[in-house]
There are 2 protein chains.
Amino acid sequence: MSDIDMIAAAAERLSGHVRRTPLLTSPFLDEIAGRQVFVKPECLQHTGSFKFRGAWSAISALDPDLRVRGVIAYSSGNHAQGVALAAKMHGVPAVIIMPSDAPALKIANTRALGAEVRLYDRAGESREEIGEALASDRGLTLIRPFDEPLVIAGQGTCGLEIAEQAAEHGVTEADVLVCCGGGGLTSGVALALEAKAPGMRVRPAEPEGFDDVKRSLQAGAIQRNNAEAGGLCDAILTPAPGQLTFPILSRLCGPGVVVTEDEALRAMALAFLRLKIVIEPGGAVGLAAALFHGDEIEGDSVIAVASGGNVDPAVFRMALDRLDAA
Amino acid sequence: MSDIDMIAAAAERLSGHVRRTPLLTSPFLDEIAGRQVFVKPECLQHTGSFKFRGAWSAISALDPDLRVRGVIAYSSGNHAQGVALAAKMHGVPAVIIMPSDAPALKIANTRALGAEVRLYDRAGESREEIGEALASDRGLTLIRPFDEPLVIAGQGTCGLEIAEQAAEHGVTEADVLVCCGGGGLTSGVALALEAKAPGMRVRPAEPEGFDDVKRSLQAGAIQRNNAEAGGLCDAILTPAPGQLTFPILSRLCGPGVVVTEDEALRAMALAFLRLKIVIEPGGAVGLAAALFHGDEIEGDSVIAVASGGNVDPAVFRMALDRLDAA
């Protein structure tokens, strides 16, 4: 089970390899939110999202004899790129199982990061069967995207940095809005802050229509989304919180905050204008919650994790359109 | 005259107030450049450009009895915002003299940062006369944009960070491409690297048609641009290098590198796609030189300063268009 000691150990393994992202501020965002806003831009992490932390944590902890045989992951998005680069930097093979209808750019990017991409037909093939056959043939280790203690511990290193950086600004109490899919980042950050900044409280942020975590926290049991996909926030659309992450979320998090897609796009536009960072819709829901749902938030300061920036130009243009209208 | 001791003293004054921007990399940019590329994203600095460093350096060094009366600057751009915020953070008044035809957003931003904006009519009024009258009436101190030792020293702190951060990556020799207008940033970085990373060589980067620094270095004497304004790279369009900056540039810099506007836009697009940062055309010429003028650059590594990110959505869309075409 993940705990602060595992996170501290992950931080040691990540040191010198992970990027320590800064903590950004803007008086213009403070004005909108009505309180001091801090943004942790994990879009500036290697491969453009926090996923590199968890991937590095898991791969670096493998027994060397096992690691040398390689790793495997199912993903068409940020986790795939994180695993691909972390494996490449360890000099070991990575196989990524992606649907054959994944965007060509994502497939190309994953290959360019050194991974072998195995495409499968969503309709006719089971990715688990393909993956298990490949893993057993070649002795590959599966790196799960969130329900894996070493991955949660790696994401938790983001929380260690938040605790240290906020303290440098004199902030020890704040709601911390974390973009939440399966809950790997959210639970890791919550564990880190429980130990290092107990005055802070993590709040999962989700897009409308995919508020499984908020409802799960309310119900005290795992709830699923009705839809499995769709909408702009693809990076954080998982069917339900994980078996390992949910108990952590349930013990440590405050209520979830749900934002609209339009609010996510407006948060992206303000991040462009005021922070000069590129964030994707799923990576913007935390900032959108901080900026536009102030009545649901407590305290003089709020911290939002901008979890990723892998956004297509067409979607980014939709965000820029919100500026012209403003 | 600026020197490494002044830069070190500026770094002490800036500590805890300036943002230490990270040093970013992407294997995709390395591939394009044919060597290892490091980007210093000063767009992530307070107010979206390196100008905050010089402004803080100058204001923090003022005699307190003088400082309390306030500061004044002529600028419609990044220097204005840097001076406005640095003055606000010192709790002293700032007056910014701007042309009445400056973009409304820039005027609003400068006011929102706490400055008093005095508009003047470019055709009928002299900004210097207005500024001198205001300065003498109120005892304001003029903060020059580049030809001022304390400002050069402040910009030089960016060079100290580059030397430290590159060494962490094992890099002690590299061409360092710096977006160059009046030469404040370029000369400050060159002085810092002369002392802290003597294996590095600063190269001024400029847009086509505004290559006064490159020509001045070639001629060994200050040359002026034919045009005074125009084009997308407005942030770095100054008529000529400064009286204080040129001797430093002349002593320490390698040859200038000139890029096209299209190359600057393509560099902005790649920074969006691969680094998740927003840079303006004038802030992209260093990266454009690193990526697209490799035959003019020496060594296995190149470092580009992305000096600012204050770009209008319409211009950013032009950059995104380059991605669709690629």
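Residues numbered from 1 in each chain as written. Chains lettered and ligands numbered in written order. Predicted model: local features only at pLDDT ≥ 70, side-chain atom pairs only at ≥ 80, totals over all residues.

A. Highlighting the relation of the copies chain A and chain B. Structural alignment of chain A on chain B gives an RMSD of 0.0 Å, achieved by rotating through 180 degrees and translating 0.0 Å along the axis. Taken together, the rotation and translation relating the two chain copies correspond to the operation of a two-fold axis. The position closest to the rotation axis in chain A is occupied by the C-alpha of Ile-277 of chain A, lying 2.3 Å away. A share of 100% of interface residues in chain A that are also interface residues in chain B marks the association as one of identical surfaces. (Least-squares fit on C-alpha atoms with pLDDT ≥ 70 in both. Contact = placed C-beta atoms within 7 Å.)

B. Region of the structure containing the interface of chain A and chain B. Listed by partner, the interface residues are 21 residues for chain A and 21 residues for chain B. Listed by contribution, the elements that provide at least two residues to the side of chain A that touches chain B are helix H2 (27–33) and helix H14 (313–325) of chain A. The element contributing the most residues to the side of chain A that touches chain B is H14 of chain A, with six residues. Per-class residue counts for the side of chain A that touches chain B are 15 nonpolar, two polar and four charged. (Helix = DSSP H or I, 4+ residues; strand = E, 2+ residues; numbered from the N terminus. Nonpolar A, V, L, I, M, F, W, Y, C, P; charged D, E, K, R; others polar.)

C. Spotlight on helix H10 (residues 212–219) of chain B. Residues and elements named next belong to chain B. Residues Asp-212, Val-213, Lys-214, Ser-216 and Leu-217 constitute the buried set of H10. Where H10 is buried, its residues touch strand S7 (200–207), helix H11 (245–252) and strand S8 (257–259). Within two residues after H10, Gly-220 carries a phi angle of roughly 75 degrees, on the positive side. (Buried ≥ 20, exposed ≤ 12 C-beta atoms within 10 Å, placed from the backbone.)

D. Representation of helix H9 (residues 184–196) of chain B. Residue and element names in this part refer to chain B. With 13 residues, H9 extends 18 Å from end C-alpha to end C-alpha; this agrees with the ideal 18 Å at 1.5 Å per step. In terms of residue burial, H9 counts as a mostly covered element, since 12 of its 13 residues are buried. For H9, the complete set of buried residues consists of Gly-184, Leu-185, Thr-186, Ser-187, Gly-188, Val-189, Ala-190, Leu-191, Ala-192, Leu-193, Glu-194 and Lys-196. (Expected span 1.5 Å × (residues − 1).)

E. Quick look at the pairing of strand S1 (residues 36–41) of chain A. Residue and element names in this part refer to chain A. Of all six residues in S1, five are buried, a share of seventy percent or more. Pairing analysis gives six bridges linking S1 to strand S9 (residues 301–306), with the strands arranged parallel. Bridge pairing in S9 links Pro-41 to Ala-306. (Pairing = 2+ DSSP bridges.)

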